[in-house]
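One letter stands for each residue in the lines below.
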Amino acid sequence: MASRSLGGLGGSRGGGGGGGKKSLNARNAAVERRNLITVCRFSVKTLIDRSCFETIDDSSPEFNNFAAILEQILSHRLKGQVTWFGYESPRSFWDYIRVACRKVSQNCICSIENMENVSSSRAKGRAWIRVALMEKHLSEYISTALRDFKTTRRFYEDGAIVLGEEANMLAGMLLGLNAIDFSFCLKGEGLDGNFPAVIDYTPYLKFTQSSDSISSDEEELRTLGSSGSESSTPENVGPPFIMDDNSWFNKCKRVKQKYQLTLEQKGYLEELLRLRENQLSESVSQNKILLQRIEDSDLAHKLEKEQLEFIIVELQDQLKSYQSLDQLSAEVSLSQTSLDPGQSQEGDGKQDTLNLISEGKEDTPSLLGLCGSLTSVASYKSLTSLKSNDYLASPTTEMTSPGLTPS
């Protein structure tokens, strides 16, 4: 019975081993991502603090540690490159950066690709970190690359930092580095791509004792050292513990360290707030400029529309005048055919006169109406009827009429 129960217990443990392994892998991946992001935040803070006292260059240990951390983050779960034979060769984060950061305006990708003293992909990635820091555009490069999710998905596996929620934190914490003036030499040993970057965790592993502790580390060690002696029996318990001057000094020192840390965080947050305010003011000014441009373009479009409408009206008036001229010429031709041969010359003279009037004067409706009244067929017929009926007086008759003789 005992063996059966043990066997069943072992079977149940073996059956749940798959789920426990998956949860363990997920936990390890989450801890790895959290560690890298936390250490990156600490390194950014140390860089900002160090920049207040000296210039940051290749010899600065704070920068070397930051560069190693950023390289580890960008290389986290990076896919390998598959060759023609089906093998997967290792790949550097520079292969991802040069593709995802092409959209950055005035980027340094081409200049780094053409560097003569940098040959390996890892060395080019390290040179890009330095150039981006000197240009104060590292945060912009990272933000642009992370927005290209399709390219990021193609280069990284599931669970990578750049594919998780930590990516937005990374772009935000790198923004504070724009306030630092970096000075690097792109021909130094720091660009050697033969060896991977190693992170130094010791500057960030400083243990701070809680202020609620009743004794310092030295008191606890002394108590543990004397715990094996006979005088430490429960029967010989002494009076309550009384803190001496040294303990008060240690507590004051710890409080001072906390104050210093809080002050540094305050400076970092103030610098970040100043950068955010500058970005906001720039965005507001650009928005005003764009709104002004939109208003100017709308006004220009309205004026252009009014001009085009005026031109259309003028063209319609000219078209009407041309149509009236065609009608007038048709009427003149009809009148010429209906008149006598003796009067054709007079009609030709009138036609020439009308042509001169149409050429010399503007094509206005008032003139066209006047010409039409003079040269219409009815006018010609009335003139002919008057001549034929002798209603018009001749010169001889006018001279011999009694009314015109002197009294």
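Residues numbered from 1 in each chain as written. Predicted model: local features only at pLDDT ≥ 70, side-chain atom pairs only at ≥ 80, totals over all residues. Heavy atoms only, no water.

An account of the nonpolar core is needed here, citing residue identities and associated values.
Phe 66, Trp 128, Leu 138, Tyr 156, Leu 174 and Leu 177 are the most contacted members of the largest nonpolar core, which has 63 residues in total. Of all the secondary-structure elements, those providing two or more residues to this core are helix H2 (17-51), helix H3 (61-74), helix H4 (93-100), helix H5 (109-113), helix H6 (121-135), helix H7 (138-147), helix H9 (166-173) and helix H11 (245-338). Looking at which element gives the most residues to this core, the answer is H3, with eight residues. (Core = buried A, V, L, I, M, F, W, Y, C linked by side-chain atoms within 4.5 Å. Buried < 20%, exposed > 50% of the residue type's maximum accessible area, 1.4 Å probe, protein only. Helix = DSSP H or I, 4+ residues; strand = E, 2+ residues; numbered from the N terminus.)

Could you give an account of H3, with specific residues and numbers?
When the terminal C-alpha atoms of H3 are compared, their 20 Å separation across 14 residues agrees well with the 20 Å that a helix rising 1.5 Å per residue should span. Burial of H3 is extensive: eleven of the 14 residues sit out of reach of the surface. (Expected span 1.5 Å × (residues − 1).)

Pulling in residues and values, what's your account of the environment of Val 118?
Tracing the sequence through the fold places Val 118 in the loop between H5 and H6. On the accessibility criterion, Val 118 (4% relative accessible area) is buried. The spatial distance from the C-alpha of Val 118 to the C-alpha of Leu 186 is 8.8 Å, given a sequence separation of 68 residues. Beyond its immediate chain neighbours, meaning those up to four positions away, Val 118 contacts Ala 123, Lys 124 and Leu 191. (Contact = heavy atoms within 4.5 Å.)

Kindly report on the packing of aromatic side chains, identifying the contributing residues and their values.
A full pass over the atoms with the stated rule returns seven aromatic pairs. Their ring planes at 85° and their centres at 5.0 Å tell us that Tyr 96 and Tyr 156 sit as a pair that is edge-to-face. Taken together, the residues Tyr 96 in helix H4 and Tyr 156 in the loop between helix H8 (149-155) and H9 connect sequence positions 60 residues apart. Owing to a relative accessible area of 1%, Tyr 96 belongs among the buried residues under this scheme. Given a relative accessible area of 1%, Tyr 156 falls into the buried group. When the centroid spacing of 5.7 Å and the interplanar angle of 80° are considered together, the rings of Trp 128 and Tyr 141 count as edge-to-face. Pair noted here: Trp 128 is in helix H6 and Tyr 141 is in helix H7, with a separation of 13 residues, a long-range link. Judged by its relative accessible area of 0%, Tyr 141 is buried. Here the aromatic cluster, defined as three or more aromatic residues joined through ring pairs, consists of Phe 63, Phe 182 and Phe 184. The ring centre of Phe 42 lies 5.7 Å from the NZ or CZ of Arg 41, which sits over that ring. Its end group placed over the ring of Phe 184, Arg 130 keeps NZ or CZ at 6.0 Å from the ring centre. (Phe/Tyr/Trp six-rings, centres within 6.5 Å; stacked < 30°, edge-to-face > 60°. Lys NZ or Arg CZ within 6 Å of the ring centre and 35° of its normal.)

Mind laying out the confidence of the model for the chain, listing which residues take part and the relevant values?
Summary statistics for the chain give a mean pLDDT of 75 and a share of 66% for residues scoring 70 or more. Here residues 227-242 scores under 50 on pLDDT; set against residues more than four positions off or in separate chains, the count is seven contacts. (pLDDT = per-residue confidence, 0-100.)

Can you break down the packing of H6 against H7 residue by residue, with the values?
Axis separation between H6 and H7 bottoms out at 7 Å; the angle between their running directions is 120°. For the pair H6 and H7, the contacting residues are Trp 128, Ala 132, Leu 133 and Glu 135 in the first and Leu 138, Tyr 141 and Ile 142 in the second. Tallied by class, the residues present in the contact of H6 with H7 amount to six nonpolar, no polar and one charged. (Axes fitted to C-alpha atoms, helices over the stretch in contact; angles between N-to-C directions. Nonpolar A, V, L, I, M, F, W, Y, C, P; charged D, E, K, R; others polar.)

Residues and numbers for the pattern of salt bridges, please.
Using the criterion set out here, one finds twelve salt bridges in the structure. Linking Glu 71 and Arg 126 is a salt bridge whose minimum nitrogen-to-oxygen distance equals 3.1 Å. Residue Glu 71 is located in helix H3, and its partner Arg 126 is located in helix H6; the two are separated by 55 residues in the primary sequence. Judged by its relative accessible area of 8%, Arg 126 falls in the buried class. In this structure, Glu 271 engages Arg 274 in a salt bridge whose closest nitrogen and oxygen atoms are separated by 2.4 Å. Linking Glu 271 with Arg 274, this pair stays in helix H11, spanning three residues, or about one helical turn. Through salt bridges that share partners, Asp 95, Arg 98, Glu 113 and Lys 124 make up one connected network. (Salt bridge = Lys/Arg side-chain N within 4 Å of Asp/Glu carboxyl O.)

Which residues make up the packing of H3 against H6, and what values do they have?
Where H3 contacts H6, the two axes come as close as 11 Å, and the packing angle between them is 120°. Classified by the angle their axes make, H3 and H6 are oblique. In terms of crossing hand, the pair formed by H3 and H6 is right-handed. From H3, Phe 63, Phe 66, Ala 67, Leu 70, Glu 71 and Leu 74 reach across to H6, where they touch Arg 122, Arg 126, Trp 128, Ile 129, Arg 130 and Leu 133. Broken down by class, the residue content of the contact of H3 with H6 amounts to eight nonpolar, no polar and four charged. (Parallel < 35°, antiparallel > 145°, perpendicular 65-115°, else oblique. Left-handed = near helix turned anticlockwise from the far one by under 90°.)

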